[in-house]
Number of protein chains: 2
Amino acid sequence: MADLVINRDRLLERHRLMASFGDTGNGGVIRPALSDEETAARSAILDLARERGFICSVDPIGNLFIRRNGEQGNQAPLRIGSHLDSQIPGGNFDGVYGVIAAFEVLETLEDRAISTSVPVEVVIWNNEEGARFSPTTMGSGVHAGALPLDQALAARDTNGKRVDEELARSLEKLGQLFRIGLGTESSGYIEAHIEQGPVLEASNTPIGVVTGIQGIIQLQVTVSGEEAHAGTTPRSRRRDALFTALDLIADLRALTTDPDDEVRFTVGRLSVLPGAPNTVPSNVVFTIDLRHPSEKILETIHAQIIEVAATFRTSCHIDAVTTLASPPVCFDADIRSLIETSATSLHLKSAAIASGATHDAKFMGPLCPTGMIFIPCRDGISHNEKEWAEFEHMVAGADVLLRAVSKWASPDIAN
Amino acid sequence: MADLVINRDRLLERHRLMASFGDTGNGGVIRPALSDEETAARSAILDLARERGFICSVDPIGNLFIRRNGEQGNQAPLRIGSHLDSQIPGGNFDGVYGVIAAFEVLETLEDRAISTSVPVEVVIWNNEEGARFSPTTMGSGVHAGALPLDQALAARDTNGKRVDEELARSLEKLGQLFRIGLGTESSGYIEAHIEQGPVLEASNTPIGVVTGIQGIIQLQVTVSGEEAHAGTTPRSRRRDALFTALDLIADLRALTTDPDDEVRFTVGRLSVLPGAPNTVPSNVVFTIDLRHPSEKILETIHAQIIEVAATFRTSCHIDAVTTLASPPVCFDADIRSLIETSATSLHLKSAAIASGATHDAKFMGPLCPTGMIFIPCRDGISHNEKEWAEFEHMVAGADVLLRAVSKWASPDIAN
């Protein structure tokens, strides 16, 4: 199987095709979950799948499954894939790369008439980004039973549109799909993705063998003070929600500034009411996103944040609520080894790496042997129109995925 | 004229009537400029005016004028008034008190058949608050030639509605009005208003003789960094627009913290893009509202703010633009004296006081002899549904206004 590699030209063609859906004209896309743009991207992949005779299905939360049958028809499939939705705006690699790499694997297996013991299925998860509907990794979370279906279907975007309505509207445009249930069994799951960080690029390593996903805690903090006239109210009489929030955030930044720069502390959203230039703000709501690979350290910092917010000296009222608490996930040793040996067989340098970002693979971890393949991205930039991965690395990642799938599902193929 | 006082019951009735337009149910109103609610309040006053035979006019920016004729028909009127629009939400005293006090003066003059040498006119300025359309004091600014009419008419609210469209829609509901030009001559201007600060209440003084209005500088600051993934991007590689903005604001707060607590430094609006919990912010825009009674100190701090923003050490780009620069205004000595002696003749304690807030009177100052009467408000709270003035103080302010108008415009009335 030394010559078992994917079709480079076709991969590039698929990449360009996907980049056309939601193209901002600035190198990125605006393709939020269940938007017309994401639906068009999903539809294009399904059209290609049907041309190849693959079997296309959808589950109740809108995850898509594209199956190439194995020798044993009813075995649980080996699943590979990622997501097509983007940040607003986002780049042309986050998520979409894992989908086109997985689909390329399916087409190459078909081109070469390589039979597999179990079916191989491309999964396109719904709403991984959470940029339009909260929470993130919604589709895989519902699939895994970690998020109730009803709750996910009732989530609304900022315009008040519900997931269920938007899903129904999207599905109408996707042609005929088999309906399958939630949480159908998988024999394994492998996801290819850009690193979204600077580590692989810095060490000139094309393949990252992902050891796991760091834990994530999200909080929403509300600061309530009192509106007052900006021209008349002396500083000493103000209950300024914004300045209080800024002082609190300053303390939390000091708390989370570690010498090794491993703690990830982000305030990504902050809104101010009433928001008039001549009125002292009465209310501020902001989010905290906190991540660390160590569950113990994460829990310690989480408790400290709650403590600082609860004991903060202020004339305002502070309320901190934890909205997400997801412990670190460790990936399957056999899958990690499979990815590593696949890279070696392709003469590609690889390195173990922890994932800073969360991924749909997080929810697959507890369900079946799971792993991820990272490829480098330029300057570690992601969630940004400037996100960029070298085509050679895209090919390398897809080749490793093909090799790993073949070894796993077609054991008669020699190394 | 020892018995020349306003009709208390009627003043209370007018106060309650006005409070019904845009009533939030929490003690305040939402009655932004040119909204249906403000139009209804304007319409109610115009109906009362027409019943009394007063002459109702409007100018091109939507300021309303309600005239009681004087002995000399064509003389420039003595104008008294304020505004009916509110913050979102606002209280039941800011602006509206000055309008009903002025209208009460007109009705009392009529009740008592007191003739005046010059016409007396109630003015209801358009869009004083600037809560819906920017800038503040739009109507008086255009009247005084300080703001171009075209620019004011083209201002849009956050829903994209333009002043000219909303003004036309509002005027349709106000019945027949004479059309007068901008900047018609005034022989004097007196505005009654709540203090919006704590000084009069603290010294138990019912009447403030306003010496002038402190200067105001407004700026808009834009901080541009780079979007990045919250889970993967180390602190050292972030160009976080929000944390940079917070550091900058912290420096500006230190700069504006004076021992006498006279500098007013407010950040009332701050928006964060893209505003996703898991994305490091790329852009922050915030406003600065800076006020001080001394022009020299105001200019010094203004220059320091510009300097700090320009030289701030950061990987982000900072841009600070001055959007409003209005020097302090000093009111007419004769009008101040007239208000003081009117209070004395009513056995009301008065004190000289500087205005922390800006008012329509600011733009009248350069046009004609101008002054303001302040009454106390509870805890100095304004721009808030809890805004409150004692009815006795409302009566006192209206009595002083009546006495001052009578002395000014009907010189045969003895003290």
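Residues numbered from 1 in each chain as written. Chains lettered and ligands numbered in written order. Predicted model: local features only at pLDDT ≥ 70, side-chain atom pairs only at ≥ 80, totals over all residues. Heavy atoms only, no water.

- Going by the annotation in an unreviewed UniProt entry, the name recorded for chain A is N-carbamoyl-L-amino-acid hydrolase, with Aminobacter ciceronei given as the source organism.

1. Considerations on the overall build of chain A
Right, so step 1: If you tally the helices and strands in chain A, you get twelve helices and 17 strands.
Right, so step 2: Expected size for 415 residues packed as a compact globule is a radius of gyration near 22 Å; at 23 Å, chain A falls within 12% of this value.
Right, so step 3: In terms of its C-alpha atoms, chain A occupies a principal-axis envelope of roughly 80 × 45 × 40 Å.
Right, so step 4: The buried share among the 415 residues of chain A stands at 60%.
Right, so step 5: Of all intrachain contacts in chain A linking residues separated by at least 6 positions in sequence, the fraction that spans at least 24 positions is 79%.
Right, so step 6: Only carbon and sulfur atoms are counted for the fraction: they give 49% of the accessible area of chain A, which is about 15,300 Å².
Right, so step 7: Each charge class in chain A was averaged separately, 36 positive and 55 negative side chains, and the resulting centres sit 3 Å apart. (Helix = DSSP H or I, 4+ residues; strand = E, 2+ residues; numbered from the N terminus. Rg over C-alpha atoms; globule rule 2.2 N^0.38 Å. Buried < 20%, exposed > 50% of the residue type's maximum accessible area, 1.4 Å probe, protein only. Contact = heavy atoms within 4.5 Å. Areas by Shrake-Rupley, 256 points an atom, 1.4 Å probe, with all protein chains shown as cover. Lys, Arg positive; Asp, Glu negative; His and termini not counted. Charge placed at Lys NZ, Arg CZ, Asp CG, Glu CD.)

2. Side note on the pattern of salt bridges
Right, so step 1: Counted according to the given criterion, the structure contains 54 salt bridges over all chains.
Right, so step 2: One salt bridge connects Arg10(B) with Glu107(B), and the closest N-O pair in it is separated by 3.6 Å. With Arg10(B) in helix α1 (residues 8-19) and Glu107(B) in helix α3 (residues 96-111), this pair connects stretches of sequence that are 97 residues apart.
Right, so step 3: In this structure Arg10(B) comes out as buried when scored by relative accessible area, which is 11%.
Right, so step 4: In the salt-bridge network here, residues are joined through shared partners; they are Arg10(A), Glu13(A), Arg14(A), Arg52(A), Glu104(A), Glu107(A) and Asp111(A). (Salt bridge = Lys/Arg side-chain N within 4 Å of Asp/Glu carboxyl O.)

3. Considerations on the relation of the copies chain B and chain A
Right, so step 1: When chain B is fitted to chain A, the residual RMSD is 0.1 Å, and the transformation amounts to a turn of 180° plus an axial shift of 0.0 Å. The two molecules are tied by a two-fold rotation axis, judged by turn and shift.
Right, so step 2: When the interface residues of chain B are mapped onto chain A, 100% of them again lie at the interface, so the same face is used by both copies. (Least-squares fit on C-alpha atoms with pLDDT ≥ 70 in both.)

4. Some points on unusual backbone geometry
Residues and elements named next belong to chain A.
Right, so step 1: The peptide bond linking Ile88 to Pro89 adopts the cis configuration, its omega dihedral lying at -5°.
Right, so step 2: Structurally, Pro89 is set in the loop between β3 (78-83) and α3 (96-111).
Right, so step 3: For Asn204, which is not glycine, the phi torsion reads 55° and is therefore positive.
Right, so step 4: Along the chain, Asn204 turns up in the loop between α7 (199-202) and β7 (207-213).
Right, so step 5: Of note, Asp379 is a non-glycine position whose phi angle comes to about 55°, a positive value.

5. Examining the packing of helix α8 (residues 241-255) of chain B against helix α9 (residues 295-311) of chain B
Residues and elements named next belong to chain B.
Right, so step 1: For the pair α8 and α9, the least separation of the axes is 11 Å and the interaxial angle reads 150°. Classified by the angle between their axes, α8 and α9 sit roughly antiparallel to one another. Considering the relative orientation of α8 and α9, their crossing is right-handed. Across the interface between the two elements, Leu248, Asp251, Leu252 and Leu255 from α8 touch Gln304, Ile305, Val308 and Ala309 from α9.
Right, so step 2: Each residue belonging to the contact of α8 with α9 can be placed in one class, and the counts come to six nonpolar, one polar and one charged. (Axes fitted to C-alpha atoms, helices over the stretch in contact; angles between N-to-C directions. Parallel < 35°, antiparallel > 145°, perpendicular 65-115°, else oblique. Left-handed = near helix turned anticlockwise from the far one by under 90°. Nonpolar A, V, L, I, M, F, W, Y, C, P; charged D, E, K, R; others polar.)

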